[in-house]
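# Summary of the model geometry
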Amino acid sequence: MIRIAVMGYGTIGSGVAEVLKINRDSIAKRAGDEIALKYVLDLRDFPGDPVQELLVHDYRVIADDPEVAIVVETMGGVEPAYTFVRAMLEAGKHVTTSNKALVAAKGAELIAVAKEKNVNFMFEASVGGGIPIIRSLNTCLTADEIEEITGIVNGTTNYMMTKMTEEGLEFDDVLRDAQAKGYAEKDPTADIEGYDACRKIAILTSLVCGQQVDFEDIYTEGITGISAADIRYAKAMGRAIKLLAVSKKDGDGYAALVAPHLLPPSHPLYSVNDVFNAVFVHGNVLGDAMFYGSGAGKLPTASAVVADVVEMAKHLDTNIAVEWSSKKLELTDYKKMTKQYFVRTTAPKEAVEAVFGGVEYVTAEGVSGELGFITACMSEGQYEQKAAELGNVLQMIRMA
């Protein structure tokens with residue numbers, strides 16, 4: 001019997017306990033042994049819940065128990081999660097986490113500690129919920145040089161964009177709806193400002209380049225500036241607005257950004273709606289591939305966590321190598337990325353054409369008193385210079 005502990009009995013932690021119970025027999029068969037939950041660490045008590053009998057309030061109880069081989073961290077945040085996880089690894093215990101903030105900030109360091117102690121630090125559920133993107137990058141795609149990763153990796157913002165598109169609602173109305181349905185937190189800043197997606201693309205880029213990518217270095221825009229008028233223009237163009245996290249190989253480096261984009265129906269991410277996530281990957285040998293599924297939620301995320309538990313149960317005495325060093329990768333300037341841009345302005349046509357040259361004008365039903373146009377292909381830096389020269393820019397959304 002392999003004994004495990006769960007640190008943090010919130011949505012995901014309780015989901016892990018539920019998955020272990022629901023699929024007990026099949027998990028034991030795949031792991032080669034029965035997996036039993038011995039401890040649950042939380043500050044709270046849960047009277048009436050069977051987990052109450054397993055509850056501890058001091059992480060050292062788990063760290064000091066030689067019977068515990070695997071620990072699940074589902075607390076969230078960098079501290080005290082980092083302190084607890086490092087203590088578990090140093091005690092010779094395998095650890096899996098769903099905590100993207102921890103992985104983005106401390107992933108390389110914790111991988112190094114795990115290697116030193118001949119255990120494993122896994123984090124499949126930290127990106128894309130139940131989508132097996134991290135294991136795929138670490139195992140299935142190792143023959144490729146990954147040239148692009150573009151993903152819809154935040155279910156909250158994707159639900160909101162879908163709702164705005166389908167019902168023509170304004171941002172604030174859709175946010176209230178998402179909060180009422182439990183898709184958005186009471187404080188939704190991390191989601192709607194793009195910070196959650198930023199951490200996830202930092203993790204994925206770190207894995208494909210094998211070096212530390214600091215999420216603070218990634219240019220990030222959220223969806224707070226998207227309005228019903230933008231949705232009307234998108235419909236007029238036959239496109240959909242999605243918050244994309246993008247990482248592209250640029251020479252010997254990578255350029256990355258998070259921002260809303262206008263996607264055509266031909267784009268593989270165009271039809272990814274509601275709370276679903278998808279990650280598009282382009283490899284120099286494989287070509288294009290896409291990973292799609294439930295990007296959030298109690299059981300889908302818990303499923304990914306338990307998959308890590310099973311993998312570690314099969315490798316109790318083996319460290320599975322992960323190429324991610326603490327050496328920092330300096331990202332190339334995202335302003336060198338080239339694309340077209342959709343722009344809304346109150347400037348006259350003469351001024352638009354004097355600055356941007358030939359453009360494609362777009363009209364939207366119910367929107368007046370302004371111009372909408374699509375630029376020629378240019379770099380971000382060139383666009384910024386021209387937009388500053390034009391002035392009176394109401395909105396800019398990148399074209400995918």
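Attention here is on the structure that accompanies the text. Small disclaimer: the values here were computed from a predicted structure and weren't measured.

Here the focus is the sheet that holds strand 3 (residues 55–56). The strand order 3-2-1-4-5-6 describes an open sheet built from 6 strands, whose pairing is parallel. Among the strands making up the open sheet, the edge pair consists of strand 3 and strand 6 (121–122). Two elements, strand 5 (residues 94–97) and strand 6, share 2 bridges in a ladder whose sense is parallel. Residue pairing for strand 6: V95 is matched across the bridge by F121.

Okay, the pairing of strand 16 (residues 371–374) next. Burial along strand 16 is two-sided: L371 and F373 facing one way and G372 and I374 facing the other are all buried. Judged from the 4 bridges that link them, strand 14 (residues 341–345) and strand 16 form a sheet pairing that is antiparallel. Within the sheet, the bridge partner assigned to R344 lies in strand 16 and is G372. Taken together, the 3 bridges between strand 15 (residues 360–362) and strand 16 define a ladder with antiparallel strand orientation. Within the sheet, the bridge partner assigned to V362 lies in strand 16 and is G372.

Turning our eyes to something else, we now look at the pattern of salt bridges. When the charged atoms of two side chains lie near each other, side chains of opposite charge can form a pair. If you walk through the whole model with that rule in mind, you get 25 salt bridges. For D177, the salt bridge goes to K181, with nearest N and O atoms at 3.7 Å. Looking at K181, the relative accessible area reads 45%, which means it is partly exposed.

Right, let's get into the environment of G92. Positionally, G92 belongs in the loop between helix 4 (81–90) and strand 5. In the structure, G92 is positioned 25 residues away from K117 in sequence and 5.9 Å away in space, judged by C-alpha atoms.

Attention now moves to the packing of aromatic side chains. Scanning all chains against the criterion turns up 11 aromatic pairs. When the centroid spacing of 5.6 Å and the interplanar angle of 40 degrees are considered together, the rings of F121 and F123 count as tilted. A relative accessible area of 2% means that F123 is categorised as buried. Every member of this aromatic cluster is reached through a ring pair, and the members are Y341, F356, F373 and Y383. Sitting over the face of the ring of Y82, K106 holds its NZ or CZ atom 4.8 Å from the ring centroid. Directly above the aromatic system of Y361 lies the positively charged group of K349, at a separation of 4.7 Å from the ring centroid.

This part is about the packing of helix 6 (residues 133–140) against helix 10 (residues 195–209). Each pair of packed helices can be summarised by the angle the axes make with each other and by the distance between the axes. The geometry of helix 6 relative to helix 10 is characterised by a closest axis approach of 10 Å and an angle of 10 degrees between their N-to-C directions. The orientation of helix 6 with respect to helix 10, classified from their angle, is roughly parallel. On helix 10, the residues touching I133, I134, L137 and N138 of helix 6 are I203, L204, L207 and V208.

Turning to the environment of L371, a few remarks are in order. Note that L371 resides in strand 16. Judged by relative accessible area, L371 falls into the buried class, the value being 18%. Sequence separation between L371 and V352 is 19 residues; the distance between their C-alpha atoms is 9.1 Å. Filtering out sequence-adjacent residues up to four positions away, L371 remains in contact with Y233, V343, R344, T345, A347, P348, K349, V352 and Y361.

Let's shift gears to the side chain of E73. Relative to the assigned elements, E73 resides in strand 4 (residues 68–73). Although E73 lies buried, it forms no salt bridge, and the closest oppositely charged side chain, K100, sits 11 Å away as judged by the N-O distance. Among the polar contacts listed, one links the side chain of E73 to the backbone nitrogen of M75, at a separation of 2.6 Å. Within the structure, E73 has its side chain in polar contact with the side chain of T97 (distance 2.5 Å). If we ignore the near neighbours within four places in the chain, the residues touching E73 are M7, A81, V85, T96, T97, S98, N99 and L102.

Let us look at helix 6. Every buried residue of helix 6 is accounted for by I133, I134, S136 and L137. The arc enclosing the buried residues of helix 6, seen along the axis, measures out at 165 degrees, which places them on a common side. Looking at the buried positions of helix 6, the neighbouring elements they touch are strand 7 (146–152), helix 10, strand 11 (276–283) and strand 12 (287–294).

In this section: the layout of surface pockets. Its volume calculated, the largest pocket comes out at about 1,100 Å³. Contributing to the lining of the largest pocket are 40 residues, with I12, K100, E185, D196 and A296 lying nearest its centre. Of all elements in the fold, only helix 1 (11–22), helix 5 (100–116), helix 7 (155–167), helix 9 (189–192) and helix 10 reach the threshold of two or more residues within the lining of the largest pocket. When grouped by side-chain class, the residues that make up the lining of the largest pocket number 12 nonpolar, 20 polar and 8 charged.

What counts and how
Residues numbered from 1 in each chain as written. Predicted model: local features only at pLDDT ≥ 70, side-chain atom pairs only at ≥ 80, totals over all residues. Heavy atoms only, no water. Pairing = 2+ DSSP bridges. Helix = DSSP H or I, 4+ residues; strand = E, 2+ residues; numbered from the N terminus. Buried < 20%, exposed > 50% of the residue type's maximum accessible area, 1.4 Å probe, protein only. Salt bridge = Lys/Arg side-chain N within 4 Å of Asp/Glu carboxyl O. Phe/Tyr/Trp six-rings, centres within 6.5 Å; stacked < 30°, edge-to-face > 60°. Lys NZ or Arg CZ within 6 Å of the ring centre and 35° of its normal. Axes fitted to C-alpha atoms, helices over the stretch in contact; angles between N-to-C directions. Parallel < 35°, antiparallel > 145°, perpendicular 65-115°, else oblique. Contact = heavy atoms within 4.5 Å. Lys, Arg positive; Asp, Glu negative; His and termini not counted. Polar contact = N/O pair within 3.5 Å; in protein donor to acceptor, adjacent residues only side chain to side chain. Arc of directions from axis to C-beta. 1 Å grid on protein atoms, 1.4 Å probe; cavity = no way out; pocket = protein on both sides within 12 Å on 5 of 7 lines; lining within 4 Å. Points joined across faces, edges and corners; volume = space filled by probe spheres on them. Nonpolar A, V, L, I, M, F, W, Y, C, P; charged D, E, K, R; others polar.

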